[in-house]
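Results of the structural survey
Chain residues, written in single-letter form:
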Amino acid sequence: MPEKISFILNNELISTDINPALSLVDYIRYYKKLTGTKVSCREGECGACSVLAGELNDERIIYKNVNFCIFSLHSANRKHIVTIEGLNTSGLNAIQEEFLKNGALQCGFCTPEFIISLTCFFLSSDVIDIYNAIKFVSGNLCRCAGYFSIKDAISNLVKNLSGKVSESQDRIEELISLNIIPDYFKDIKSRLMPLQNYPMLDDTEDYDFLISGGTDLYVRDYNLVKSSRIKYATHSSSTIEAVWQNFNKIFISAFASVESVITSSVIKKYFKNIENLEKYFGSRQIRNKATVGGNIINSSPIGDMSNFLLSLNAEVYFRNGYGERKLLLRDLFLNYKKLNLRNGEILTKISFNIPPKNTFSNFIKISRRNHLDIASVNSAVYFIRTDDVIKKCSVSAGRVAPIPKYLADTPHYLKGKKIS
Ligand SMILES: Cc1cc2nc3c(=O)[nH]c(=O)nc-3n(C[C@H](O)[C@H](O)[C@H](O)COP(=O)(O)OP(=O)(O)OC[C@H]3O[C@@H](n4cnc5c(N)ncnc54)[C@H](O)[C@@H]3O)c2cc1C
Ligand code: FES
Ligand code: FES
């Protein structure tokens, strides 16, 4: 097993054998002395620690904005990591200029996080408009509540640049010429390529914790995680196939990020209301890191992804040293945080039937705040209808029981009922 984690930090190649469970924000601030990235909540809530993580995927680098306080040093392996210092090589960039013009800062604590997330927007958004720009900063909080001027700066930026940024997936050269990213970005792809041949650092069978995205475990007890033996589930959100179809089934990789699943073309094709999950599941930074497998195994009674998958009668597939096993998701949850799991089992994938025509599905989540909140109650419904009569249906609900709950009797009650 190789000893080192290798990645490019801004314009510098890093190879380090420091504890891979260290959070990247600690590495960057305390070992590299790059203090432009701030830390506040350390729980993935506020976005102060937003940075860019770029991953090589065949043709191009896919950049995502993530929260570094819950991002392990291990997750940086083979990636391009960009902090605010990596955007400011000579003077202000176009986004910073616009913030300055619009007075979009008071104390300035949140400014780096907004600049990072907006850079990510220009690098990654399919559509350059205000709606999508706001989506990219949805996980960034301004403690001085200077949102009006921040929004003005974003609107002006989008207005000025929308015609100039093409829809092409590879915009690096274009964004360099628009002074959004510095010149050195154009060589990053060729510099990342050799790193992809380094073996992953995963394989230990003797561990205290298995970590996937880490958004639950890092928040639960960072100090414990840091001092434990960790097995890193091979999680690489852009290079693995997140969702695929096989005959009459749709499969989801357990290691896929929530964001890659709910924005996948397959899921969007069959689930028109999937936007509700996008809107109400954490922030974009969290969804970029949180995995579907982690959501299921965390077994919170209000797990949003578990809830959605329960209503689809999903099946879950496990692997351990002895072989594979498949069971219905609803049979996995036994009691509060108690799962029908065998020794060393890892969840590998999830499947459900492709919805036939005349199906309707929806997910709703009610919480005290509209966004970035845990559910007071969540619920998902899936039904097949003939005209306006329910032929078959399944319903799930969260926070009504110690487990994410499949409502076993409700379909009998609803069958044959007219939709009103
Ligand atoms: C700020 C914030 C907002 C959030 N908002 C929401 C929200 O709106 N809705 C919601 O449902 N959740 C939310 N969460 C919770 C969390 O992000 C999700 O539960 C997430 O899907 C967990 O996935 P992960 O990969 O990060 O899990 P990890 O932290 O890596 O792991 C969680 C648990 O699952 C186990 N595990 C992970 N992957 C596997 C696997 N493949 N096989 C076996 N065991 C595995 C781990 O050992 C661990 O016990 C939020 C969390 C934060 C910090
Ligand atoms: S410090 Fe608040 S999200 Fe990381
Ligand atoms: S300007 Fe102070 S936190 Fe946003």
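Residues numbered from 1 in each chain as written. Chains lettered and ligands numbered in written order. Predicted model: local features only at pLDDT ≥ 70, side-chain atom pairs only at ≥ 80, totals over all residues. Heavy atoms only, no water.

1. Things to note about the domain arrangement of the chain
- By the assigned domains, the chain splits into domain 1 (94-181) and domain 2 (240-414).
- Placing the centre of domain 1 and that of domain 2 at their C-alpha centroids yields a distance of 33 Å.
- Listed per partner, the contact involves 8 residues of domain 1 and 6 residues of domain 2.
- Carbon and sulfur atoms make up 42% of the surface buried where domain 1 meets domain 2, a total of about 540 Å² over both sides.
- Our count for the domain 1 to domain 2 interface comes out at 1 salt bridge.
- One salt bridge connects Glu 278 with Lys 135, and the closest N-O pair in it is separated by 3.4 Å.
- Applying the counting rule to domain 1 against domain 2 returns 2 residue pairs in polar contact (both at pLDDT 80 or more). (Domains from an automatic or database assignment. Contact = heavy atoms within 4.5 Å. Buried area = accessible area lost by both parts, 1.4 Å probe. Salt bridge = Lys/Arg side-chain N within 4 Å of Asp/Glu carboxyl O. Polar contact = N/O pair within 3.5 Å; in protein donor to acceptor, adjacent residues only side chain to side chain.)

2. Here we look at the site of ligand 1
- Taken together, the neighbourhood of ligand 1 is formed by 29 residues, with Leu 210, Gly 213, Thr 215, Thr 291 and Asp 304 sitting nearest.
- Here a nitrogen atom of ligand 1 sits 2.8 Å away from a polar atom, N or O, in the main chain of Leu 347.
- Notes on ligand 1: free accessible area 980 Å², of which the protein chains cover 90%.
- For the shell around ligand 1, the secondary structure elements donating two or more residues are β6 (209-211), α8 (217-226), α13 (292-298) and β14 (346-353).
- Grouping the amino acids of the shell around ligand 1 by side-chain chemistry returns 12 nonpolar, 12 polar and 5 charged. (Near = heavy atom within 4 Å. Areas by Shrake-Rupley, 256 points an atom, 1.4 Å probe, with all protein chains shown as cover. Helix = DSSP H or I, 4+ residues; strand = E, 2+ residues; numbered from the N terminus. Nonpolar A, V, L, I, M, F, W, Y, C, P; charged D, E, K, R; others polar.)

3. Digging into unusual backbone geometry
- Phi is positive for Arg 42, close to 55°, though the residue is something other than glycine.
- Mapped onto the fold, Arg 42 is located in the loop between α1 (24-31) and β3 (50-57).
- With a phi close to 70°, Arg 399 is a non-glycine residue in the positive phi region.
- By the element assignment, Arg 399 lies in the loop between β17 (389-398) and β18 (405-406).
- Residue Arg 399 is classed as partly exposed on the basis of its relative accessible area, which comes to 45%. (Buried < 20%, exposed > 50% of the residue type's maximum accessible area, 1.4 Å probe, protein only.)

4. Things to note about the sheet that holds strand β16 (residues 377-386)
- Across the sheet, 4 strands lie side by side as β15-β16-β17-β18; this open sheet has antiparallel pairing. Of all the strands in the sheet, just β15 (359-366) and β18 have a single pairing partner and so form its edges.
- Where β17 lies against β18, 2 bridges are found, and the strand directions are antiparallel. Its bridge partner lying in β18, Ala 397 is registered against Lys 405.
- Together, β15, β16, β17 and β18 form the strand contacts of helix α14 (residues 304-311), whose direction differs from that of β16 by roughly 20°. (Pairing = 2+ DSSP bridges. Axes fitted to C-alpha atoms, helices over the stretch in contact; angles between N-to-C directions.)

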